[in-house]
Amino acid sequence: MDIMQKLEILTDSAKYDAACTSSGSDRSPVAGKLGGTCAPGICHSFSADGRCISLLKVLQSNVCMYDCQYCVNRRSNDVPRASFTPRELADLTIGMYRRNYIEGLFLSSGVSGTPDHAMEEMIRTIRILREEYGFRGYIHAKAIPGCSPEAVELLGRLVDRMSVNIELPSEQGLKTFAPAKTKQNILAPMRHIRDGITQSKEELAVYRHVPKFVPAGQSTQMIVGATPDTDRQILRLTEGLYKQYGLKRVFFSAYIPVGTHALLPKNTPPPLLREHRLYQTDWLLRFYGFSVDEIVDEEHPSLDPFLDPKCAWALRHPEYFPVEINRADKETLLHVPGIGVKSALRILRARRVGALRPEDLKKLGVVVKRAKFFVTCNGRRLPDAIDDPVIVYRHLAELSRPELKKAASPMEQLTLFPTPNLPTGEDVMACLTGQL
Amino acid sequence: MSDRTALMFDGSFDGLLTAIFEAYTQRPMPAEIIEPDSQQHLGMVYRNVRTDAAKAARVRRGIRTQMGGEAYDNAWKAFLSQHPERGTFIYRYVRLGFQIKQQLVRSLTDERVITVNKLASLVAREASHLLQFVRLGETETGVYYSEITPTYPVLPLIMPHFVHRLNTQAFVIYDKTHKQAGLYNGRQWVLTDADNAQPPAYTAEERQYRQLWKTFYDTVAITERINPKLRQQFMPKKYWRNMVEMTETPTAHPALGE
Ligand code: SF4
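Residues numbered from 1 in each chain as written. Chains lettered and ligands numbered in written order. Predicted model: local features only at pLDDT ≥ 70, side-chain atom pairs only at ≥ 80, totals over all residues. Heavy atoms only, no water.

Turning our eyes to something else, we now look at the overall build of chain B. When helices and strands are tallied, chain B shows nine helices and eight strands. The globule rule puts the C-alpha radius of gyration for 258 residues at 18 Å, and the 23 Å found for chain B is more than 25% above it. Its C-alpha atoms give chain B principal-axis dimensions of about 80 × 40 × 35 Å. Looking at chain B as a whole, 50% of its 258 residues are labelled buried. A separation of at least 24 residues holds for 68% of the contacts in chain B among residues at least 6 apart in sequence. Looking at chain B as shown, the accessible area adds up to about 12500 Å², and 51% of this sits on carbon and sulfur atoms. Considering chain B, the positive charge centre built from 32 side chains and the negative charge centre built from 27 side chains are found 6 Å apart. (Helix = DSSP H or I, 4+ residues; strand = E, 2+ residues; numbered from the N terminus. Rg over C-alpha atoms; globule rule 2.2 N^0.38 Å. Buried < 20%, exposed > 50% of the residue type's maximum accessible area, 1.4 Å probe, protein only. Contact = heavy atoms within 4.5 Å. Areas by Shrake-Rupley, 256 points an atom, 1.4 Å probe, with all protein chains shown as cover. Lys, Arg positive; Asp, Glu negative; His and termini not counted. Charge placed at Lys NZ, Arg CZ, Asp CG, Glu CD.)

Here it is, written out as structure tokens:
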């Protein structure tokens, strides 16, 4: 089989993984060595689905002993199989890197033989890259569930980021669809990576030249919509992973119906809107100082499809508003719809020079259409700020789902998201007061 | 208002900095600083400024020490926007800066600051797009080659990034729009004017890599999620003409039986 065919098969097998970021590592150049990384990461292309391509995302091998029902590579699935030799894959990575196609490699593998055997092949590839080519670009590798701690240790010293995919957000889901995997053999390597990172930081404080262990941190991925888990379950798990496992990122991947198991959804479009809302919430957790309990609770276990989670939160918490632009601290500003991280920093900066007036907000990049309901400038409300929560809700819903405005014409529906009818005033009130 | 004066610089950044230096020697200070192609206004008296590296260096140092490196950066990037009124915009920005010093970069509601920041961010955005979308190809001489067609002449902003990356690997990036080339021989890089860079012959391996990349690009997209609008939002169409994956014709897909 030639390299082109292998590349095609092993890309097709890897493409469902959502992670493709090259962030979190900042390696300055070293004379005579190829490559480097930059902290915010670089997307080198965008595929026809609009997802970022930052790394060469392939499997070492799509041969797999396991039979996870939600996965295209499951043993019982009839797909062409292939494996890269470590040399082939290392050369391919270098060739693409030199052409500025990629930031580096995102390497995973099916369980070809034992978990440790799959890990060994990956390690051999990465060794060629790091040791033979002196490659300093980005490498993200997945640890195979069930592999030995030694393999994790070895791999962790060679890569920037490591991930172990949780895949299904509940133990019940794993039992049904991936009986060969257990919560334990997923969490064990995650813990191992976490402890390795902590230890490595301590080592570095003492000896400067030991190789860093997983310097860009670890991440994981969950499939959304294959199992009946609620947004709240998914988000609480996410928060726990950030807090207890020190994860850098949790990725969500809308389930694409690739499985045939009776309990898996079939012929349904991937829940892209839901995935989008989860990412928005994840953003609020990581950068805006929100906690999951503020956003979803027992009464509202699902994210509002009509509103982004910050707007939804704001409407349920009138006691928090209005926020005074000239005095509020950073965290308070970040809770205001229409104020993002950048515009919050600009507000903090600009008000050191002089008091801000309502007409200044636009210049600072605040989305006034949203923010106007929630702020004051030196005690003054903004022009056409309304208090009626029903009207505000409809207003914000139209802003976050522009297609709702034209719901009259069925042809205008956005192809991406199915368009439910805009809720009535009563629905809104019920939703805000928690009766829905 | 027939006694209003303006200075004219030669179109180089050093020229503009020299003109700013000269402006401070005049009473009253000139209203505008323009360059040969700019629109001239009736009733304005224009005076040419001869570029002087020493004077430019003094203004450069003044901006950096009194207003900070960020202010200097913004001025330099705004200059690269080639806006016909860039001279006057940067002049007003720097004048404000000499009055309010470090407060300059915080004065985000002042029109003079907003104008310069806007131009600077257009240029910065183009530069970061190019870090993403530049594609290099291996030529017979061993030098990697890339052609770009940016709106702004951002080569001076992007060359250091590629030099660091590729380290000992020699390469050329040719800016066809502005007829400028960034040359790197594996040790040092220079910027030169180049009227007509002939793309050198590519290696056979290069042709294979283009195909491999195209195959990867097409395969990695998830059919159920196809979303051309989203793609175009992140990857503006104007870059496509120089990108392998958007110009190569796909090969047959024997492996997956498509
Ligand atoms: S072990 Fe991994 S590759 Fe194998 S079937 Fe399960 S999810 Fe797919």
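Inspection of the region around the ligand gives C64, Y66, C68, C71, N73, R74, G110, V111 and K181 of chain A as its neighbouring residues. Looking at the shell around the ligand residue by residue, the class counts come to five nonpolar, two polar and two charged. (Near = heavy atom within 4 Å. Nonpolar A, V, L, I, M, F, W, Y, C, P; charged D, E, K, R; others polar.)

To continue, consider the pairing of strand β1 (residues 4-8) of chain B. Residue and element names in this part refer to chain B. Examined bridge by bridge, β1 and strand β3 (residues 44-48) share five bridges and lie parallel to one another. Looking at the pairing, L7 lines up with R47 of β3. For β1 and strand β2 (residues 32-34), the ladder comprises three bridges, and the chain directions are parallel. Paired with A6 across the bridge in β2 is E32. What joins β1 to β2 is helix α1 (residues 13-23), and the crossover it makes is right-handed. (Pairing = 2+ DSSP bridges. Right-handed = clockwise from strand over helix to strand, strands pointing away.)

What follows deals with the sheet that holds strand β8 (residues 189-193) of chain B. Consider a sheet: its strands pair through backbone hydrogen bonds, and that pairing is either parallel or antiparallel. Taken in spatial order, the five strands line up as β4-β5-β6-β7-β8 (chain B) in an open sheet, and their pairing is mixed. What marks the edges here is a single partner per strand, and that holds for β4 (137-138) and β8 of chain B.

Turning our attention to the packing of aromatic side chains. Tallied over the full model, the rule gives 20 aromatic pairs over all chains. An aromatic cluster is built from F290, W313, Y320, F321, F373 and F374 of chain A, whose rings are joined through pairwise contacts. Here the guanidinium or amino end of R64 of chain B rests over the ring plane of Y72 of chain B, the centre of that ring lying 4.1 Å away. In this structure, R86 of chain B packs its charged tip against the face of F79 of chain B, placed 3.9 Å from the ring centre. (Phe/Tyr/Trp six-rings, centres within 6.5 Å; stacked < 30°, edge-to-face > 60°. Lys NZ or Arg CZ within 6 Å of the ring centre and 35° of its normal.)

Residues and elements named next belong to chain A. Strand order in the open sheet formed by six strands is β3-β4-β5-β6-β7-β8, with parallel pairing between adjacent strands. Two strands close off the open sheet at either side, each with one partner strand: β3 (55-59) and β8 (249-254). In this sheet, adjacent strand axes meet at a mean angle of 20° when their direction is disregarded. As paired elements, β3 and strand β4 (residues 104-108) share five bridges and run parallel to each other. Residue pairing in the sheet places L56 in a bridge with L105 of β4. (Axes fitted to C-alpha atoms, helices over the stretch in contact; angles between N-to-C directions.)

Before going further, it helps to spend a moment on the state of the cysteines. Residue and element names in this part refer to chain A. By the definition in use, this model includes one disulfide over all chains. Each sulfur in the disulfide pair C43 and C52 lies 2.5 Å from the other. Here the disulfide of C43 and C52 is left-handed, its torsion about the S-S bond being about -105°. The exposure class assigned to C43 is partly exposed, which follows from its relative accessible area of 22%. (Disulfide = S-S within 2.5 Å.)

With that settled, the discussion passes to the nonpolar core. Membership of the largest hydrophobic core comes to 152 residues, with the highest contact counts inside it found for L56 and M96 of chain A together with F171 of chain B. Ranked by residue count, the leading element in this core is helix α3 (residues 115-132) of chain A, at seven residues. (Core = buried A, V, L, I, M, F, W, Y, C linked by side-chain atoms within 4.5 Å.)

Before going further, it helps to spend a moment on the interface of chain A and chain B. On the side of chain B, 58 residues touch chain A, which itself brings 63 residues to the contact. A combined buried area of about 5300 Å² lies between chain A and chain B, and 61% of that area is made up of carbon and sulfur atoms. On the chain A side of the contact with chain B, E8, R99 and Y101 of chain A bury the most area, a combined 15% of that side's loss. The interface formed by chain A and chain B holds six salt bridges in total. The salt bridge involving R165 of chain B is made with E103 of chain A; its shortest N-O contact spans 2.6 Å. The interface formed by chain A and chain B holds 25 residue pairs in polar contact (both at pLDDT 80 or more) in total. When residues of the side of chain A that touches chain B are traced back to their parent elements, those giving at least two are α1 (3-12), β1 (45-46), β3, α2 (86-98), α8 (272-287), α12 (341-350) and α13 (360-363) of chain A. A per-class count over the side of chain A that touches chain B returns 34 nonpolar, twelve polar and 17 charged. (Buried area = accessible area lost by both parts, 1.4 Å probe. Salt bridge = Lys/Arg side-chain N within 4 Å of Asp/Glu carboxyl O. Polar contact = N/O pair within 3.5 Å; in protein donor to acceptor, adjacent residues only side chain to side chain.)

A word on the confidence of the model for chain A. Residues and elements named next belong to chain A. The pLDDT averaged across chain A works out to 88; a share of 92% of its residues lies at or above 70. Ranking the elements of chain A by mean pLDDT puts helix α16 (residues 425-432) last with 48 and α2 first with 98. Segment residues 405-423 is flagged for pLDDT under 50; beyond a separation of four residues in sequence, or across chains, it makes 27 contacts in the model. (pLDDT = per-residue confidence, 0-100.)

This next bit is on the side chain of E167 of chain A. All names here are of chain A. By secondary structure assignment, the location of E167 is in the loop between β6 (161-163) and α5 (171-177). Within polar-contact distance, the side chain of E167 engages the side chain of N165 at 3.3 Å. In this structure E167 touches Y70, Q221, M222 and I223, once residues within four positions along its chain are discounted.

Residues and elements named next belong to chain A. Partitioning chain A into domains gives domain 1 (3-27 + 35-295) and domain 2 (309-432). Just the C-alpha atoms count here: the centres of domain 1 and domain 2 sit 35 Å apart. With twelve residues of domain 1 at the interface, the matching set in domain 2 holds 15 residues. Both faces considered, domain 1 and domain 2 share a buried interface measuring about 1200 Å² in area, 66% of it formed by carbon and sulfur atoms. Considering only the side of domain 1, the residues that lose the most area to domain 2 are L273, Y288 and F290, jointly responsible for 42% of the buried surface there. At the surface where domain 1 touches domain 2, the tally comes to zero salt bridges. Summed over the shared surface of domain 1 and domain 2, the result is two residue pairs in polar contact (both at pLDDT 80 or more). Broken down by secondary-structure element, the contributors of at least two residues to the side of domain 1 that touches domain 2 are α8 and α9 (292-295). Of all the elements, α8 adds the most residues to the side of domain 1 that touches domain 2, at seven residues. A breakdown of the residues in the side of domain 1 that touches domain 2 according to their chemical character gives seven nonpolar, three polar and two charged. (Domains from an automatic or database assignment.)

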